[in-house]
Every structure is written in structure tokens, then in C-alpha cells.
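As a plain string of letters, each chain reads:
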Amino acid sequence: SQKIEQNSEALNIQEGKTATLTCNYTNYSPAYLQWYRQDPGRGPVFLLLIRENEKEKRKERLKVTFDTTLKQSLFHITASQPADSATYLCALDRPLTGTASKLTFGTGTRLQVTL
Amino acid sequence: EPEVTQTPSHQVTQMGQEVILRCVPISNHLYFYWYRQILGQKVEFLVSFYNNEISEKSEIFDDQFSVERPDGSNFTLKIRSTKLEDSAMYFCASTAVRGDSPLHFGNGTRLTVT
């Protein structure tokens, strides 16, 4: 089965700096990889999706890269703000088999942005 | 923006009791899911549902669990006889298509089994 490791349980950075979160997976390469944000006591909120044939995706201050050779995705938040403090989850779906999606989530990285 | 709504937000029940967790997915979505998250652990897949039947279920989703879409808008998860280890956050999610489409999650029901 797919295993996902996210680089650290917690990451503390100063406001204005770039936060970089890592997601490594074993086993098969997924058709696509997703990043979600989760605040305490809330459900995951979708941020970005990157497909296996894409190297990089951007959305405002967010950037995701996907390296299927290294089996790794990097998630960057530039010009970070205290409001970015949350847990960030990496999630992989299996290749396009089966009727419906079946996401496997990492344990998440808790980001704390301080003034 | 349309959202997935879940009720109740918190449910406390005694071991052995039945609980029903309710979800209203986004109206034009076709695929429905339940995930759970035990405190401090990762979000885990429980079951997917499409075309009025279960598409897939995990090993966690044993005979004590069932899902239903009774009326075309609600999607429910029933646990027949709750155990202490069923205590977790239960998230409902939906998506419009299969494939590279993100899941839209509700804010969950916190189930506490005493």
C-alpha cells in the first residue's frame, strides 16, 4: 500500500519568509497529488492539485512541485503570514482505477508563522 | 460557494449504542465519501459511494458500518454498535467527477464513545 511521509511534524518560520513542506511517497506513482490545509477541529480544505506529467503548479503565494523520479512533492508558501498557520496535508490518489477516488493522506506538517 | 454540511458537530454516545452521522453533499456532486481522523492521527479513508452503491470500503469499514443516500440529498453513516475505538472525527466529502477533481470536505462530526 502507498506510504506517505511529510517532512516534519511542525515547522516554525518568521512572517515574510518562504515555508517549504515536503511530501515523500513510496510505492506506485499516483496519477496526481493534492495539498490540503486543515485548521484545528475543521475538515481539510483543498489548495492545489498537480498531475504526474506536471512539474510545477502555482496559485497566488502557493507553489507545488512534483518529481516522480524522486517520488517527492514540495509545497511552498511565499511571503508567509500568521494566517497561514495551519496543518498542511499531502494526499495521493491511486492511478485511475476503481470507480471512485481513494485518497491516502500524510500525517501533515503543522506550520506556525510568527511575527 | 456551495459547501458540504455535516450534523451534528459533536455526538456523545455510550458504547454499544447506534449512531447516525448526517451529511448534505454539494448538490451536483456524484461521488460521496466518508473519512475519519482519530485525534492526532492522519485522515483515513472509510468508504466511497457512487450510483447508489458502495464503490469501495476500507478494512475499518466492517459490518458495524453502513452508508445510505436515502433521499437524493442526504448521505448518512451509521455505526450499529459503537466501540470506544470508534471515537474520532468523521468527515464527509463529495466530488463531481472521478479523476483529478479535489474532494470537498465538511467540517466533520466529532464522535465520542464513552
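Structure report, in brief. (Residues numbered from 1 in each chain as written. Chains lettered and ligands numbered in written order. Predicted model: local features only at pLDDT ≥ 70, side-chain atom pairs only at ≥ 80, totals over all residues. Heavy atoms only, no water.)

Brief notes about the overall build of chain B
Here is step 1 of the chain: Each helix and strand in chain B was counted, giving 0 helices and 11 strands.
Here is step 2 of the chain: Walking chain B from its N terminus toward its C terminus, one meets helices and strands in the order β-β-β-β-β-β-β-β-β-β-β.
Here is step 3 of the chain: In summary, chain B has a C-alpha radius of gyration of 13 Å against a globular reference of 13 Å for 114 residues, a match within 12%.
Here is step 4 of the chain: In terms of overall dimensions, chain B has C-alpha extents of about 40 × 25 × 25 Å along its principal axes.
Here is step 5 of the chain: Across chain B, the fraction of contacts at a sequence separation of at least 24, relative to all contacts at a separation of at least 6, is 53%.
Here is step 6 of the chain: Summed over its atoms, the accessible surface of chain B is roughly 5,600 Å², and 45% of this surface lies on carbon and sulfur atoms. (Helix = DSSP H or I, 4+ residues; strand = E, 2+ residues; numbered from the N terminus. Rg over C-alpha atoms; globule rule 2.2 N^0.38 Å. Contact = heavy atoms within 4.5 Å. Areas by Shrake-Rupley, 256 points an atom, 1.4 Å probe, with all protein chains shown as cover.)

Considerations on the interface of chain B and chain A
Here is step 1 of the chain: Chain B puts 22 residues into the contact, and the matching count from chain A is 26 residues.
Here is step 2 of the chain: Between chain B and chain A, roughly 2,000 Å² of surface is buried when both sides are summed, and carbon and sulfur atoms account for 53% of that area.
Here is step 3 of the chain: At the junction of chain B with chain A, the criterion picks out 1 salt bridge.
Here is step 4 of the chain: Put simply, Glu56 of chain B and Lys102 of chain A hold a salt bridge, and the shortest N to O gap is 3.2 Å.
Here is step 5 of the chain: Our enumeration of links across chain B and chain A arrives at 6 residue pairs in polar contact (both at pLDDT 80 or more).
Here is step 6 of the chain: Elements with a contribution of two residues or more to the side of chain B that touches chain A: β4 (31-37), β5 (43-50), β6 (53-57) and β9 (88-95) of chain B. (Buried area = accessible area lost by both parts, 1.4 Å probe. Salt bridge = Lys/Arg side-chain N within 4 Å of Asp/Glu carboxyl O. Polar contact = N/O pair within 3.5 Å; in protein donor to acceptor, adjacent residues only side chain to side chain.)

Comments concerning the layout of surface pockets
Here is step 1 of the chain: Reported here for the largest pocket is a volume of approximately 510 Å³.
Here is step 2 of the chain: Contributing to the lining of the largest pocket are 24 residues, with Gln38 and Thr87 of chain A together with Gln37, Gly40 and Gln41 of chain B lying nearest its centre.
Here is step 3 of the chain: Residue assignment for the lining of the largest pocket shows that the elements contributing at least two residues are β9 (86-92) and β11 (109-114) of chain A together with β9 of chain B.
Here is step 4 of the chain: No other element matches the 4 residues that β11 of chain A contributes to the lining of the largest pocket. (1 Å grid on protein atoms, 1.4 Å probe; cavity = no way out; pocket = protein on both sides within 12 Å on 5 of 7 lines; lining within 4 Å. Points joined across faces, edges and corners; volume = space filled by probe spheres on them.)

Some points on unusual backbone geometry
Here is step 1 of the chain: Omega for the bond connecting Thr7 of chain B with Pro8 of chain B falls within 30 degrees of zero, at -15°, which places this linkage in the cis form.
Here is step 2 of the chain: For Pro8 of chain B, the location among the structural elements is in the loop between β1 (5-7) and β2 (10-13).
Here is step 3 of the chain: Not every positive phi belongs to a glycine, and Glu60 of chain A is a case in point at roughly 55°.
Here is step 4 of the chain: Inspection of the secondary structure puts Glu60 of chain A in the loop between β6 (56-59) and β7 (62-67).
Here is step 5 of the chain: Here Asn52 of chain B, not a glycine, exhibits a phi torsion of approximately 65°, which is positive.

Section: the packing of aromatic side chains
Note on aromatic pairs: each is described by the distance of the centres and the angle between the planes.
Here is step 1 of the chain: Tallied over the full model, the rule gives 17 aromatic pairs over all chains.
Here is step 2 of the chain: Arranged with centres 4.8 Å apart and planes meeting at 20°, the rings of Trp35 of chain A and Phe75 of chain A form a pair that is stacked. With a gap of 40 residues between them, Trp35 of chain A in strand β4 (residues 32-38) and Phe75 of chain A in strand β8 (residues 72-77) connect regions that are remote in the sequence. Here Trp35 of chain A matches Phe75 of chain A in class, with each residue buried.
Here is step 3 of the chain: Three or more aromatic residues joined by ring pairs make a cluster, and in this case those are Tyr36, Phe46 and Phe105 of chain A together with Tyr33, Tyr35, Phe45, Phe91 and Phe105 of chain B. (Phe/Tyr/Trp six-rings, centres within 6.5 Å; stacked < 30°, edge-to-face > 60°. Buried < 20%, exposed > 50% of the residue type's maximum accessible area, 1.4 Å probe, protein only.)

What about the state of the cysteines?
Chemically, a disulfide is nothing more than a covalent bond linking the sulfur atoms of two cysteines.
Here is step 1 of the chain: Taken as a whole and assessed by the stated rule, the structure comprises 2 disulfides over all chains.
Here is step 2 of the chain: Between the sulfur atoms of Cys23 of chain A and its disulfide partner Cys90 of chain A the distance amounts to 1.9 Å. Here Cys23 of chain A and Cys90 of chain A share a disulfide; its torsion about the S-S bond, -60°, makes the bridge left-handed. Placement of the pair is Cys23 of chain A in strand β3 (residues 19-25) and Cys90 of chain A in strand β9, with a sequence separation of 67 residues.
Here is step 3 of the chain: Here Cys90 of chain A falls in the buried class, since its relative accessible area comes to 0%.
Here is step 4 of the chain: Through a disulfide, Cys23 of chain B is tied to Cys92 of chain B; the S-S separation comes to 2.0 Å. Disulfide Cys23 of chain B to Cys92 of chain B: torsion about the S-S bond roughly -65°, handedness left-handed. (Disulfide = S-S within 2.5 Å.)

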